[in-house]
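Each chain, letter by letter, is given below.
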Amino acid sequence: LIDRKAQLNKLEQRNKVLEEGRKRHDSAIKEFEAQASQARQERAQMEKQLRQERSKVVELEKSNAALLAEKVAHVQAVADLQVQALREADLYKELKRNAE
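Just so you know, these numbers come straight off a predicted model, no measurement behind them. (Residues numbered from 1 in each chain as written. Predicted model: local features only at pLDDT ≥ 70, side-chain atom pairs only at ≥ 80, totals over all residues. Heavy atoms only, no water.)

K.L.:
What exactly am I supposed to notice about the overall build of the chain here?
P.N.:
Each helix and strand counted, the chain has one helix and zero strands in total. Relative to a compact globule of 100 residues, whose C-alpha radius of gyration would be 13 Å, the chain shows 42 Å and is clearly more extended. Taking the principal axes of its C-alpha atoms as reference, the chain extends roughly 145 × 15 × 10 Å. With the model as given, the accessible surface of the chain reaches about 10,000 Å², and the carbon-plus-sulfur share is 56%. (Helix = DSSP H or I, 4+ residues; strand = E, 2+ residues; numbered from the N terminus. Rg over C-alpha atoms; globule rule 2.2 N^0.38 Å. Areas by Shrake-Rupley, 256 points an atom, 1.4 Å probe, with all protein chains shown as cover.)

Next up, the structure:
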């Protein structure tokens, strides 16, 4: 009977130790699950932000291309005006010579 009582005590202690270990593992699992959930939320937020930033980049590239095209048109217009001014200056000189 004493042996049985000692065995029962040992088994109860072992059960208690195992139960405490299980509780610690359950707690750790919950903590890891919470961390994983937080990481998934942060990833989703970062992916959304990345999509927004990419969209901004596309818009900026379009704007940059439009501004560059406008600049090219202005440069061409200035060159055309300079050519026209030179022609008019030559015509003026010729008219002045003819008038003399």
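Text resumes after the structure shown.
K.L.:
In this structure, what is going on with the pattern of salt bridges? I would like to understand it.
P.N.:
Where side chains of opposite charge bring their charged atoms close, a pairing between them can arise. A complete count under the given rule lists five salt bridges for this structure. Its salt-bridge partner being arginine 22, residue glutamate 19 comes within 2.3 Å of it at the nearest N-O pair. Here the residue glutamate 19 and the residue arginine 22 both occupy positions in helix α1 (residues 2–99), the gap between them amounting to three residues, near one helical turn. The salt bridge partner of glutamate 53 is lysine 56, with a shortest N-O separation of 3.7 Å. (Salt bridge = Lys/Arg side-chain N within 4 Å of Asp/Glu carboxyl O.)

K.L.:
Help me understand the environment of leucine 11, please; the structure alone is not making it clear to me.
P.N.:
Summarising the element assignment, leucine 11 is placed in helix α1. Take leucine 11: its relative accessible area is 56%, and that puts it in the exposed class. When the C-alpha atoms of leucine 11 and histidine 74 are compared, they prove to be 92 Å apart, with 63 residues separating the residues in sequence. (Buried < 20%, exposed > 50% of the residue type's maximum accessible area, 1.4 Å probe, protein only.)

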